[in-house]
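# Geometric and topological summary
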Amino acid sequence: MRQVVLDTETTGLSWERGNRVVEIGCVEFVERRPTGRTYHQYLKPDCAFEPGAQEVTGLTLEFLADKPVFTDVVEEFLEFIAGAELVIHNAAFDVGFLDNELRLAGAQYGCLADRCRIEDSLLLARHRFPGQRNSLDALCRRLGVDNAHRQLHGALLDAQLLAEVYIALTSGQEEIGFAAPGPAAGEESKASYTADVRLHRPRVVVLAAELAAHEARLETLRSMAGHAVWDEVVELAGG
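Residues numbered from 1 in each chain as written. Predicted model: local features only at pLDDT ≥ 70, side-chain atom pairs only at ≥ 80, totals over all residues. Heavy atoms only, no water.

## A closer look at the packing of helix 6 (residues 136-143) against helix 7 (residues 155-169)
For the pair helix 6 and helix 7, the least separation of the axes is 10 Å and the interaxial angle reads 50 degrees. Taken together, the axes of helix 6 and helix 7 lie oblique to each other. The hand of the helix 6/helix 7 crossing is left-handed. Taken together, the residues of helix 7 that come into contact with helix 6 (itself represented by L136, L139, C140 and L143) are D158, L161, L162, V165, A168 and L169. Per-class residue counts for the contact of helix 6 with helix 7 are nine nonpolar, no polar and one charged. (Axes fitted to C-alpha atoms, helices over the stretch in contact; angles between N-to-C directions. Helix = DSSP H or I, 4+ residues; strand = E, 2+ residues; numbered from the N terminus. Parallel < 35°, antiparallel > 145°, perpendicular 65-115°, else oblique. Left-handed = near helix turned anticlockwise from the far one by under 90°. Contact = heavy atoms within 4.5 Å. Nonpolar A, V, L, I, M, F, W, Y, C, P; charged D, E, K, R; others polar.)

Listed below in structure tokens is the structure:
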């Protein structure tokens, strides 16, 4: 599975009031492993910052004056996220702003949900830690992610921190082994089999207690991440 952890910075809290995106940061994961590919772009907003927003990001209109507007980079941004599952903290906020940018760029671009599945890590955190603070900083402290270098909000830095938080939030599933990457595209598997698969193989009988333990483990994974990889494998296998 290809995932892109995404964060934005904006001139204010509401795109409905004319606020715009000033920074986009993305980090790519494949099979829950970072690929090293990122997307980072500052944007000229053509509007003023709301009071307080500038202090949060440290960005200024002077710094952004020579940066591209969203329409200049919309194609490369969409190419980077194409087909990926987007992981976003408080997704409604970022998606609302980006959908507005896409609308302003042209009706042909549609909205993010037309192109990507969206996973809200805030909802995952609230499910796992009900009644607790689940901001990015709070989750970093709770899950042991080092965020000491985060003095200001920055889209790429926050996406990198969120990627670590998300892996910690959904930890356990990669231990099953289904997430192990296969051969690279165009590369043949080097595995060879010497045993004749037509030979008689012993039938393995699974005890009721083992089945119960297996199902309990799956329930733990579902409660942590909202789903278990095993379910997807069983569905693909037809049952």
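There's plenty left to go through after this.
## Let's talk about the pairing of strand 3 (residues 33-42)
It is a general feature of regular strands that their side chains alternate between the two faces of the sheet. Where strand 2 (residues 21-30) and strand 3 come together, seven bridges link them in antiparallel fashion. Along strand 3, the bridge assignment pairs F29 with P34. From the end of strand 2 to the start of strand 3, which pair antiparallel, there are two residues, and E31 there has a positive phi angle of about 50 degrees. (Pairing = 2+ DSSP bridges.)

## Looking at helix 7
Its 15 residues place the ends of helix 7 20 Å apart at the C-alpha level, agreeing with the 21 Å of an ideal helix rising 1.5 Å per residue. Counting buried residues along helix 7, eleven of its 15 residues qualify, which places the element largely inside the surrounding structure. Listed in full, the buried residues belonging to helix 7 are A155, L156, D158, A159, L161, L162, A163, V165, Y166, A168 and L169. (Expected span 1.5 Å × (residues − 1). Buried < 20%, exposed > 50% of the residue type's maximum accessible area, 1.4 Å probe, protein only.)

## Details of unusual backbone geometry
Within the chain, E31 stands out as a residue other than glycine whose phi angle is a positive 50 degrees. Note on placement: E31 falls in the loop between strand 2 and strand 3. Positioned with a positive phi, N90 is a non-glycine residue whose angle comes to about 60 degrees. Tracing the backbone through its elements, the reader meets N90 in the loop between strand 4 (85-88) and helix 4 (91-105). Residue N90 is classed as partly exposed on the basis of its relative accessible area, which comes to 35%.

## Thoughts on the state of the cysteines
Taken as a whole, this structure holds zero disulfides when the rule is applied. Note on C26: no disulfide assigned, nearest cysteine sulfur contributed by C116 at a separation of 9.5 Å. What makes C26 buried here is its relative accessible area of 0%. The class for C116 is buried, based on a relative accessible area of 6%. (Disulfide = S-S within 2.5 Å.)

## Things to note about the confidence of the model for the protein
Here the protein averages 82 in pLDDT, and 77% of its residues register 70 or above. Note on residues 173-204: pLDDT under 50 across the span, and 18 contacts to partners over four residues away in sequence or across chains. This stretch, residues 233-239, has a pLDDT under 50; its non-local contacts, to residues over four places away or in other chains, come to two contacts. (pLDDT = per-residue confidence, 0-100.)

## Regarding the nonpolar core
Within the largest apolar cluster, 26 residues are counted, with the highest numbers of intra-cluster contacts made by I24, C26, F70, F77, I81, L98 and L112. Within the residue set of this core, elements represented by two or more residues are strand 1 (2-10), strand 2, helix 3 (70-81), strand 4 and helix 4. If you tally residues by element for this core, the top one is helix 3, at seven residues. Beyond its immediate sequence surroundings of up to four residues, I24 is in contact with D7, T8, Y39, H40, Q41, L43, F70, F77, L98 and A155. Of all hydrophobic cores here, the second largest spans 19 residues; its members include F29, L139, L161 and Y166. (Core = buried A, V, L, I, M, F, W, Y, C linked by side-chain atoms within 4.5 Å.)

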